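The residues making up each chain are set out below.
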Amino acid sequence: MLKKLAASMVAAFALTTGAFAAGGAGKVENIDFSFDGPFGSYDQNQLQRGLQIYTEICAACHGLKFVPIRTLADEGGPHLPEDQVRAYAAFYEVFDPELDDFRPATPNDHFPASNLENAPDLSLMAKARAGFHGPYGLGINQLMNGIGGAEYIASLLNGYVDPPSCAPEDFDGYYNQTFGAGGYPEECLDEKGKHKYPGSWIAMAPPLWGDDVEFADGHATDLHHLSEDVAAFLMWTAEPKMMARKQAGFVGVVFLTILSVLLYLTNKRLWAPVKARYKKK
């Protein structure tokens, strides 16, 4: 029975690892985000910078239709003052079926959906694009290092480089070292039909170049930092309750530890007289 179970686990692990390798041929950089690990937490200033990047650049094409605007005021998130949240909501217009017309959004409304049909919604992108920690890795790896979605997004934004010399000049798209699900020219395949270079060609043009925005706190605006800031913000949109879950998990572990100690001491106290009588015999 145990041998069959072990064989099944090995087979399942091999299949999932193969699937991960097939779909994750791009490069993903390991980034030490503040929210990684069991005791990590979101950096409020970084989330606010990421919100600014999304608003000024990403929102032109992509939406966040599953995110209520009011959550921008939540603790553990960007934690904007309520008056700023109301002012930010008024920046958007939403369609009201009762009015049969558009009106300024309120904090109770959600972010608008994507403006383009081929532009995916970013609400859950950080969970959908798990990087090297995978859903295929061990659970303890995800606990200590995170699921890798934020790292994937940051790496993707940094992954635009000049295409390899084997690629035709008129090949559609933009070469990205991280994106592994796009087009790939036959000229860049080896004899076995595998990619010679990591990544593939993506339809989206580079959205960030560096110095695209200006922060009020004077934080660096190079491409590397901008990518990390917006990736952290998208991690929060996908996991807004991450800090609460971590706190609840920690409390649960402490409670179970104390309960285990009490049960052990109770067991010893109850059985101590029985053991003593047995030794006398």
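Structure's up top.
Let me begin by describing the structure that accompanies this report. Counting starts from 1 at the beginning of each chain's written sequence and moves along it residue by residue. Confidence filtering applies because this is a predicted model: local features only for residues at pLDDT of at least 70, side-chain atom pairs given and counted only at 80 or more, and all residues used for totals across whole chains, interfaces and linings. As a rule here, side-chain values come from all non-hydrogen atoms in the structure, and water together with hydrogens is ignored.

Overview of the packing of helix α6 (residues 149-158) against helix α7 (residues 223-238)
Working step 1: Where α6 meets α7, the closest approach of the two axes is 8 Å, and the angle between their N-to-C directions is 145°. Where α6 crosses over α7, the handedness of that crossing is right-handed. From α6, Ala150, Ile153, Ala154, Leu157 and Asn158 reach across to α7, where they touch Leu223, His224, Ser227, Glu228, Val230, Ala231, Leu234 and Met235. Lines fitted to C-alpha atoms define the axes here, with helix axes fitted over just the stretch in contact, and angles between the N-to-C directions of these axes take values from 0 to 180 degrees. Strands are runs of DSSP state E lasting at least 2 residues, helices are runs of H or I lasting at least 4, and numbering of each runs from the N terminus. Crossing handedness: left-handed means the near helix sits turned counterclockwise from the far one by under a right angle, and right-handed means the same turn made clockwise. Contact definition: two residues touch when any of their heavy atoms are within 4.5 Å.

Re the nonpolar core
Note that soluble globular proteins tend to have their nonpolar side chains buried in a common cluster.
Working step 1: To qualify as a nonpolar core, a set must consist of buried Ala, Val, Leu, Ile, Met, Phe, Trp, Tyr and Cys residues joined through side-chain atoms within 4.5 Å. The rule is simple: take the accessible area with a 1.4 Å probe, protein chains only, and divide by the maximum for that residue type; under 20% is buried, over 50% is exposed, in between is partly exposed. Counting 44 residues, the largest nonpolar core has Phe35, Tyr54, Ile69, Leu72 and Phe111 as its most contacted members.
Working step 2: Only α2 (44-56), α3 (82-89), α4 (125-128), α6, α7 and α8 (242-280) provide two or more residues apiece to this core.
Working step 3: Ignoring sequence-local partners within four residues, the contact set of phenylalanine 111 consists of Leu51, Tyr54, Leu64, Lys65, Val67, Pro68, Ile69, Leu72, Tyr88 and Tyr92.

Quick word on the pattern of salt bridges
Between side chains of opposite charge, a pair can form when the charged atoms approach closely.
Working step 1: Salt bridges are identified by distance alone: a Lys or Arg side-chain nitrogen within 4 Å of an Asp or Glu carboxyl oxygen. Across all of its chains, the model carries 6 salt bridges by this definition.
Working step 2: Between arginine 103 and aspartate 96 there is a salt bridge; the shortest N-O distance is 2.8 Å.
Working step 3: Linking lysine 127 and glutamate 239 is a salt bridge whose minimum nitrogen-to-oxygen distance equals 3.2 Å. Taken together, the residues span a long stretch of sequence, with lysine 127 in helix α4 and glutamate 239 in the loop between α7 and α8 at a distance of 112 residues.
Working step 4: Overall, lysine 127 belongs to the partly exposed group, its relative accessible area being 42%.
Working step 5: For glutamate 239, a relative accessible area of 13% translates into the label buried.
Working step 6: Through salt bridges with shared partners, one network takes in Arg49, Asp217 and Asp229.

Concerning α6
Working step 1: Where burial is concerned, most of α6 is hidden: 9 out of the 10 residues are buried.
Working step 2: For α6, the complete set of buried residues consists of Gly149, Ala150, Glu151, Tyr152, Ile153, Ala154, Ser155, Leu156 and Leu157.

Brief notes about the environment of leucine 157
Working step 1: For leucine 157, the location among the structural elements is in helix α6.
Working step 2: Sequence separation between leucine 157 and tryptophan 209 is 52 residues, and the spatial gap between their C-alpha atoms is 9.0 Å.
Working step 3: Residue contacts for leucine 157: discarding those within four places in its chain leaves Pro207, Leu208, Leu223, Ser227 and Val230.

A word on the state of the cysteines
Working step 1: The disulfide criterion used throughout: a pair of cysteine sulfur atoms within 2.5 Å. In this structure the tally under the stated criterion is 1 disulfide.
Working step 2: Linked covalently through their sulfurs, cysteine 166 and cysteine 188 form a disulfide whose S-S length is 2.0 Å. Of note, the bridge from cysteine 166 to cysteine 188 carries an S-S torsion of about 110° and is right-handed in sense. Residue cysteine 166 is found in the loop between α6 and β3 (174-176), and its partner cysteine 188 is found in the loop between β3 and β4 (200-202); the two are separated by 22 residues along the sequence.
Working step 3: Overall, the relative accessible area of 0% leaves cysteine 188 in the buried class.
Working step 4: Unpaired in terms of disulfides, cysteine 61 finds its nearest cysteine sulfur in cysteine 58, a separation of 9.0 Å.

A few points about the side chain of serine 200
Working step 1: In this structure, serine 200 sits in strand β4.
Working step 2: On the accessibility criterion, serine 200 (0% relative accessible area) is buried.
Working step 3: Of the polar contacts made by the side chain of serine 200, one reaches the backbone oxygen of phenylalanine 179; its length is 2.6 Å.
Working step 4: Setting aside residues no more than four positions away along its own chain, serine 200 makes contact with Tyr174, Tyr175, Asn176, Phe179, Gly180, Ala181, Gly182, Gly183 and Tyr184. Within 3.5 Å is the distance limit for a polar contact, defined as a pair of N or O atoms, with the added protein rule that one can donate a hydrogen and the other accept it, and that residues adjacent in sequence qualify only through two side-chain atoms.

Taken by themselves, the reported measurements are silent on function.
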